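A structural walkthrough
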Amino acid sequence: ECKAHVEAQMAKQNLELIGWRKLPVDNSDLGPTSLESEPHTEMLVVRKPEGMSGQDFNRELYRLRLVSAREIHKTPAFEDFYVSSLTNSTIVYKGQLTPEQVWGYFKDLQDPEYASHLALVHSRFSTNTFPSWSRAQPFRSLCHNGEINTLRGNKNMMRSREGALVSNYFGASLHEDITPICSDDMSDSGNLDAVAELLSKGGDRPLHEAMMMLVPEAWQQNPHLTDEKRAFYSYHANLMEPWDGPAMMSFTDGRYVGATLDRNGLRPSRYYVTKDDRVLLSSEVGVLVHLPDEIVATKARLEPGKMFLIDFEQERIIPDAELKAAMAAARPYTEWMASAPLRLHEWVEQAKVPSPPPPPRNELNNHLSMYGFTKESVEVLTSAMAKGKEALGSMGTDTPLAVLSLQPRGPSHYFKQLFAQVTNPPIDPIREEIVMSLQCPVGPEANLLDATETHASRLVLPTPILSLSEMAALKEGEHRGWKAVTLDASYPVAEAKADSTALKAAIDKLCAEAEAAVLTGAAPLLVISHRDAGPERLPIPSLLATGAVHQHLVKTKTRTRTGLLVESGDSKEPHDFCTLIGYGADGICPFGAYGAVSAFHGELDTTALKEMENYRKAAGKSILKVMSKIGISTVQSYKGAQIFEAVGFGEEVMDTCFTGTASRLKGIGFDYLQKDAMRQHAWGWPGRPGDVLLPNPGDYHYRDGGEQHYNSPQAMADLQMAARTNSRKAYETYARSAIEQSKSVSIRGLLGFRSDVPSISVDEVEPVAQIVKRFCTGAMSLGSISSETHESLALAMNALGGKSNTGEGGEDPRRFADKRRSSIKQIASGRFGVTSEYLTNADELQIKMAQGAKPGEGGELPGYKVTDLIAKTRGTTQGVGLISPPPHHDIYSIEDLAQLIHDLKSANRASRVSTKLVSEVGVGVVAAGVAKAKSDHIVISGGDGGTGAAVWTGIKHAGLPWELGLAEAHQTLVLNRLRDRIVLQTDGQLKSGKDVTIAALLGAEEFGFATAPLIALGCIMMRKCHLNTCPVGIATQDPELRAKFNGKPEHVVNFFFMMAEEVRGYMAQMGFRTFEEMVGRADMLRVDEEALNEKSRTLDLGPILTPASALAPNETQYNITTQDHFSKAATGLDAILDHELIVGAEPALKDGTPVQLEASINNLNRSVGAMLSNEVSKRYGGAGLPNGTITVSLRGQTGQSFGFTLAKGVRLVVYGDANDGCGKGLSGGEIVVTPQSTSVDGGLVPEDNVVVGNVALYGATSGKAFFRGKAGERFCVRNSGALAVVEGIGDHGCEYMTGGRVVCLGETGINFGAGMSGGIAYMYDPKSEFAGKCNMEMVGLDPVEDPEEMEVLKGYLQEHHEATGSCVASRLLEQWPVPLAHFVKVFPHDFKRVLLERAAAAEEEAVAAAQ
C-alpha cells in the first residue's frame, strides 16, 4: 500500500519507475529492542526524465518524498513510514544500530564492488531514551553532533516564514507539496536538516552557504573579520536567526562534502590529509587504527565557526578563508548593508521626539504599585541595576512558588528558566563575550529562498532594551516609510469588576488588532503599550499580551511580517525581560522601571539619565547571562525560543500565550491572573486620599505578616534549641512548625501519607544508626564557609557514618588522614585542588554539573576571601580573586561526561562516581543518559538550594523543586531499566523527617542537607554570605568573625539522629520495616486537601504521584547492582593498558626503583596513567616519586584524557598524537607528545600541524608538559601550577589560569587569557599579532627584561628541545638572546599587584630588621 502511494505520486510527477529492490540485511546480531522495531526496507529506483537537469531531478525526488510520506502518514498503521534518502547523489544506510553492527547488518556494504568517493559515518551516545530507526543519523544532507538549544524559536519562525516563501522552481505548489518544513516529530538535527534541504532545493543556495546561514560564526564582535565577510553574515542575519548551540556538523550533496563547527567550538573535530589525497575528518584522531602515520601529510583541526569543504569537481579542499571570501563576493553584500538597514540612532535623530516625562512624583507609587512593583523590587533589584550591576543574594530561596503564594505575582514568576546540563554546556558571557551578541534585526522579512537588497531593509536594534527616547521615536516618528502601529494593552477596570473573563477578552481583542494591522501591510512595527493604563484601566500583563500576540501571528504565518515592541510598565527585573524576549518581544522599553530609577533623584536630570543607562546596560548583561546558561549566544536566537517551563499555569493560559511550553502541573487560569491584577490596581489606586506606599511583602527578606518563608525566625530558633539540647520534645516542636510552614511554600507541603494501610511497631523498623548513613551534607566549599564550619560538618558526618562534601574548593591534604576528612570530594568546573591525591582520598567523587541555587552559572570568590589556606588548597595566590567557570571545558556533551566519569573511576576505582544535576523539565532523560554514561550515583537538586553568592535572577527563577525532578528521574530510570544500577539522592531545603520520607517515596535513597545543618551550627539566615560579614562566623573568612563561631559537630549529630527517628515513625505508620521497601512507593502519598488554597487547588500533582511501578511493572525501584566500568564490553579492550603499566611499574611502586616501559597505544585506551597515578598516590601521597621514576614510551594515538591527574614521578612520552583532555588535572607528572620520527622524516613539519586536542592540561596543578606541534582550543584552562610548552594553540588559551607557566612558540587563537588571574605566559610573537588576540581585561603585556627571568625562559626552551627534539626551540636557542625581543609576557594584574605588595612588605621588613 505504501509503494502504491509512492508510485501514484510518481505518475503525477511524470517520474518513471525502474523498480523496487528489497534491501538485503542480516539481523542476526541485533538486540531485542532493535529487532522489535526493525523496519522492512526497500530501495526505489527512478529514471531521470529526458532533458531534466540533475539538480531539478533532485528537486522532483524531494517533492516525491515529502508528498508521499505526508499521504502515507494519514493511515495510522503507516505512521512509522520513513524515507532515509531519495536523491541521485547519495544513499543513506542507517538504523537503531551500534557502529559495529552497521557493517554486518547492511549486506550492500560488504560487497567488494560497492564503492563511493565519500562516506559520512555518524554514531551517537544514546541520550534519547527511546531511540528509533528513523532518528538515527545521517539525515538526508547532514550529520549533527550536538544540541540545537533554540529549536522551539527556530521552528516557530520557520512556520511563520512559510507564508512568505516563494520558490522559482516549485512556484505555487511549494505551499501544497513542500511545507510545513519543520515538525515536532523530528529531532533538532532532523529539523535542521530539513531547513538546510529547503534552502538548497527550494532555492538556489549551495549546501555550504545554507550551513553558513544556519550556523554562522561569531561575527558581531570579532575584530579580525574582513568587512566583506562581516557584511555577508550581517546580511544573512536578516533572513535567518542562528540555530544556536554546541554543534559539529558534516554535510554532503555528493559534489561537496564539508563540516562546520559552532561559533564557540564546543565540539572536537580533527582531520588528516594523506599523501595519496585521502581525507579523514572525525571527532578524534586514531579512528583508523591501521593507518600508517608516515603517509599522513597534514594533521589539522576544524576551528570554532570555521568550515571545512571538499569540492570533488575541483578535486581539492577549499580553505575556510577562501570559501567565505568567495561567498561574500557572490553578491554586493557590503554595498547592500551600507545602505539598506534602518539604524535606530538615525531614526531617533530624525524623529526628534522628546521623551515622555515620568509620572508626577505624587503619583509615581500609584503607577508602580499598579504594575506590581514592591518596596523590595525597587530597593533590592532596580537600585542595584541603576548602579550598573544586578543585585546579589545568598542562601537560596525559601519562599513559595508563584502558584502557591497568596501574594500577587507577575506572570513571569510562574516560569522557571531552563539551563544546560550534560547534553550541552552553558557559556561564560563575561570571559567569552566575544561570541555573545544582543544585536538583532527586527521588522518584516523578505522571501527566505531569495537574496536581494530588500532583504537587508530591516531595523537593527543594538540591544533589546530600549530607552525612553528610542521608544518615543519609534512610536511617534516615521523613518524611510516605516511607521509603528501602537496597540493599547489595557482594559477597563469596570469590565474586570463585572466579568471574570475580561482579561481573556482583552487579550483576544489585542491579537485581532495585531493581525489586522499586519495584514494591512502598514505595520512594520507593532508596539504593545501600557501607557493608557491608570485609575480607570487595568494593564494587561505585558508577558501575557506579548506571548499571545506572538503566538497568534505565528499561527497565522504573519509573525515575520512585523516587529514586536513592548512599552512595558510592569517589567522590572532581568527575568521579566528574558521571558518577554523568550516569548517573542523584539524590543522592550521598561518605562515603569525607568520611572522608579528617576525617583531616586526626583526629576529627569543628567544623573537620572545616566542611571537609566546603567540600568539598561545591567539589563543587557543579565539577559546575556540567562541566555548563556542554556548555551545560547545571540538574542536573535533566544527570541521566541521559549527556554522556560511553566509551574502553575492552566491549559487555557498556555495554549493562548505560551504554546508549546511545558506546564506539567497545570494550574490557574486567566480569571485568577485578573484577580491578581485587580489587587495590584487597588493598591495603586485605592480610591482614598493620601500618599500611596509601595507594598512590602518581604519576598527577599523575611517580614512578619508578609510572604511565607520556609526558614522563619521561629523555625530556626526551634531547630537550634533541639540541636543544642538534644531534646526530643524540642525537636517535635521544630518538626511541627517546619511541616506546617511547608504547606504554604512547597509542593511536598501539599502531600500527606496514606492512613488506610496497616502500621507496625516502630521497634520493627530499621534502626536510626542505619538511616543516618543515608544523610549527606551539601557541597559547601572552603571559601564560601569558614574552615571551622567546614570541619565541624565533616566531623559530624563521620561520627554518624554519613558523608560530608568538600564542595568545589578542594580540601586541605592534612585532613585526609583524620576525622576531618570529607568522604565526598567534589569535582567542579574550577577544578580547585583536584589532584591525584585528592581523588584517591574519597569514598565518592561528585561531578558538579549544576548547582541548585544557580544552575548553568559559575561563580567567583573575591580576593578578600582568599586566605593563605584557601590559596594553597585551590592553587592560587593569597588575596587574588578566583573565577569558577560554567562547566563547558570538558563537559560539552553526554559523551564528555561519560569520559569524565571514566577518568574519575580510573583515578579511584574504590570510589563511586556521582553526578549532580538540578531539577528541570527533561531531567529524567538526562538522568537516563548519565546512567548510561556509567555514573554510579545521581543527585537531583532542587532549584531552591543555598549558595554563598549569586544574582537574584538565578536564585529565584532557575531550577524546579526537587519533587518534580526526582519523580521524573526515578520514573524514567525505572522505565528504561536503569534504576537498579543507580543510587539516587536529592537535596534542596530538606527540613524535616517528613521531607525525607516524601523524597524516599518519590525515589530517593540518599538525602543532602545544607541549610539545616548550618542553622544547627548557628546560622541565623542574615543572607550576608556574599559580603563576608556573617555575624556568627559561618560564611566568612574574617578572623574576627570566625572567632564568634560556636557551633559543635554534636549539634549536627543530634539534629540528624532526631530527624531519622522522625522518619522511623512515618515508616512504622506505613508498615515499612526497611528503608529500601519505602523507596519509590509514590502510591503511599496523597494530596492533603487541608493544605490547599484557592490557587494550589488548581494544580494537578499526578505527574509527581504516578508510581514508577505503574509505568514499568516488576522493575526494580532502588539500587541493587553496580555499573560495569572496566570490562571488555565496557571498554572494547582485551586488556586495560594501565593494568599492564601497574604490573610493569611494581618495582617503582614498591621501593622507588626506576623503571622504563614501552607499549603501543590507540584511542580506545582512555585516561591512561590515571590508575597508575592512583597507585602512586595511595603509597606516596601528594609527594609522589622522584621525577622520571616511571617512564613509559608509547607509540600511536592516545585516547581521551591521556595522563589524567598524572602523579609526580610518572613520565609519559607519546610518539604520535593526543586527543582531547590530555594532561587534565596533571598532578606533578610529566607528559611529552611528539610526532613519530617516520612522519617528520617523511616531511611532516610538526609546528605546522596539530598534535594535541582541546582542553589539554585543564585543571593541571603541577608537573610539566611538552607538545611538539599545535594544540586545540582551551589550552591550559584553569592551570594552577604546571609548566607547559607548545608550538601553537587555538581560542581561549590560558582561560581562568591561576598559576604555573605557559610558553607558546607559535600562533594563538582569539580570547587568550580571559579570566586569567595568576601564573605567567610567554608568547613568541614575531609578527606582533598577539595583542589583538589577547583578552586584556585581567592581564597586561610586558617585555621579558629581567635577566633571571630570561634564563628561566631559556631553560624552558631547552627542556622542550630535549624532551621533543623541537626544531622551533632549537632555532630560537641557536639565535638566543635575539628572539627575546619577540617574546611577550602575559602578566595578570592582580597577580602582579600581590607580588609587588609582597616585595614592598619584604623590603620594609628588611629595613626594619637592619635598624
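Residues numbered from 1 in each chain as written. Predicted model: local features only at pLDDT ≥ 70, side-chain atom pairs only at ≥ 80, totals over all residues. Heavy atoms only, no water.

This part is about a positive patch on the surface. Taken together, the side chains of K389, K610, K617 and K621 define a basic patch exposed on the protein surface. For K621, a relative accessible area of 58% corresponds to the exposed category. (Patch = residues over 30% accessible without salt bridge, like charges linked within 9 Å, V, L, I, M, F, W, Y side chains within 5 Å. Areas by Shrake-Rupley, 256 points an atom, 1.4 Å probe, with all protein chains shown as cover. Salt bridge = Lys/Arg side-chain N within 4 Å of Asp/Glu carboxyl O. Lys, Arg positive; Asp, Glu negative; His and termini not counted. Charge placed at Lys NZ, Arg CZ, Asp CG, Glu CD. Buried < 20%, exposed > 50% of the residue type's maximum accessible area, 1.4 Å probe, protein only.)

Pairing is antiparallel in the open sheet, where five strands are placed in the order 3-4-5-9-10. In this open sheet, the two strands that pair with only one neighbour each are strand 3 (142-146) and strand 10 (316-318). Going across the sheet, the axis of each strand differs from the next one's by a mean of 15°, ignoring polarity. The sheet strands contacting helix 7 (residues 188-202) are strand 3 and strand 4 (247-252), and the helix crosses strand 3 at an angle near 140°. Where helix 8 (residues 207-214) meets the sheet, its contacts fall on strand 3, strand 4, strand 5 (256-261) and strand 9 (307-311), and the angle it forms with strand 4 comes to roughly 160°. (Pairing = 2+ DSSP bridges. Helix = DSSP H or I, 4+ residues; strand = E, 2+ residues; numbered from the N terminus. Axes fitted to C-alpha atoms, helices over the stretch in contact; angles between N-to-C directions. Contact = heavy atoms within 4.5 Å.)

Once that is clear, we can look at the pattern of salt bridges. For the coordinates displayed, the defined rule picks out 91 salt bridges. In this structure, R59 and D56 form a salt bridge, with 3.0 Å as the shortest nitrogen-oxygen distance. With R59 and D56 both in helix 3 (residues 54-72) and three residues apart, the pair spans about one turn of that helix. Accessibility expressed as a relative area gives 22% for D56, which makes it partly exposed. E379 is the salt-bridge partner of K375, the closest N and O atoms lying 2.9 Å from each other. Taken together, the residues K375 and E379, both in helix 14 (residues 375-386) and four residues apart, mark about one turn of the helix. Classification of K375 as partly exposed rests on a relative accessible area of 35%. Residue classification places E379 among the partly exposed positions, given a relative accessible area of 49%. Members of the salt-bridge network, linked through shared partners, are E217, K229, K306, D320 and K324.

Sizing a probe to match a water molecule and rolling it over the atoms shows the empty space that remains. In this structure the tally under the stated criterion is 18 cavities of 30 Å³ or more. Volume-wise, the largest cavity comes out at about 550 Å³. Lining the largest cavity are 35 residues, with G372, R409, G410, K572 and Q680 positioned closest to its centre. Looking at side-chain class alone, the lining of the largest cavity contains 16 nonpolar, 11 polar and eight charged residues. Reported here for the second largest cavity is a volume of approximately 360 Å³. If you trace the second largest cavity, you find 28 residues lining it, with T397, T399, P400, L401 and K416 closest to the centre. For the lining of the second largest cavity, the element with the most residues is helix 33 (residues 952-957), which contributes three residues. (1 Å grid on protein atoms, 1.4 Å probe; cavity = no way out; pocket = protein on both sides within 12 Å on 5 of 7 lines; lining within 4 Å. Points joined across faces, edges and corners; volume = space filled by probe spheres on them. Nonpolar A, V, L, I, M, F, W, Y, C, P; charged D, E, K, R; others polar.)

Turning our attention to the packing of aromatic side chains. Within this structure, the stated rule accounts for 40 aromatic pairs. With a centroid separation of 5.5 Å and 50° between ring planes, the pair formed by Y105 and W133 is classed as tilted. Note that Y105 is positioned in helix 4 (residues 99-105) and W133 in the loop between helix 4 and strand 3, a separation of 28 residues in sequence. Overall, the relative accessible area of 10% leaves W133 in the buried class. Taken together, the ring pairs connect Y731, Y734, F775, F1007, F1009, F1055, F1056 and F1075 into an aromatic cluster. Sitting over the face of the ring of Y710, K991 holds its NZ or CZ atom 5.2 Å from the ring centroid. The ring of Y1215 has R1195 lying over it, and the distance from NZ or CZ to the ring centre is 4.6 Å. (Phe/Tyr/Trp six-rings, centres within 6.5 Å; stacked < 30°, edge-to-face > 60°. Lys NZ or Arg CZ within 6 Å of the ring centre and 35° of its normal.)

This part is about the environment of A723. Its location among the elements puts A723 in helix 25 (residues 713-725). Once residues within four sequence positions are removed from consideration, A723 is found in contact with A1016, E1050, H1051, N1054, F1055 and M1058.

Moving on to the nonpolar core. Membership of the largest hydrophobic core comes to 229 residues, with the highest contact counts inside it found for L459, F658, F775, L917 and F1007. Of all the elements, helix 38 (residues 1049-1070) adds the most residues to this core, at 12 residues. Each residue touching F658, except ones within four places of it in the same chain, is listed here: F415, L543, L544, Q551, Y583, Q642, F649 and V653. Counting residues in hydrophobic clusters, the runner-up holds 56 residues, among them A1218, A1256, L1257 and A1260. (Core = buried A, V, L, I, M, F, W, Y, C linked by side-chain atoms within 4.5 Å.)

Looking at the element boundaries, L1206 is found in the loop between strand 41 (1190-1197) and strand 42 (1210-1217). For L1206, a relative accessible area of 0% puts it in the buried group. For the pair L1206 and V1176, spaced 30 residues apart in sequence, the C-alpha separation works out to 9.5 Å.

Below, the discussion takes up helix 17 (residues 502-519). Counted at 1.5 Å a residue, the expected span for helix 17 with its 18 residues is 26 Å, and the 26 Å between its end C-alpha atoms agrees. The set of residues buried in helix 17 consists of A502, L503, K504, A506, I507, L510, C511, A514, A517 and V518. After helix 17 finishes, the residue G521 shows a positive phi value of roughly 80°. (Expected span 1.5 Å × (residues − 1).)

Moving on to the packing of helix 26 (residues 728-745) against helix 38. A pair of packed helices is captured by two measures, namely the crossing angle of their axes and the spacing between those axes. The geometry of helix 26 relative to helix 38 is characterised by a closest axis approach of 11 Å and an angle of 65° between their N-to-C directions. Classified by the interaxial angle, the pair formed by helix 26 and helix 38 is roughly perpendicular. Handedness of the crossing formed by helix 26 with helix 38: right-handed. For the pair helix 26 and helix 38, contact is made by R728, Y731, Y734, A735 and I739 and by F1055, M1058, M1059, E1061, E1062 and Y1066, respectively. When the residues that make up the contact of helix 26 with helix 38 are grouped by side-chain class, the tally is eight nonpolar, no polar and three charged. (Parallel < 35°, antiparallel > 145°, perpendicular 65-115°, else oblique. Left-handed = near helix turned anticlockwise from the far one by under 90°.)

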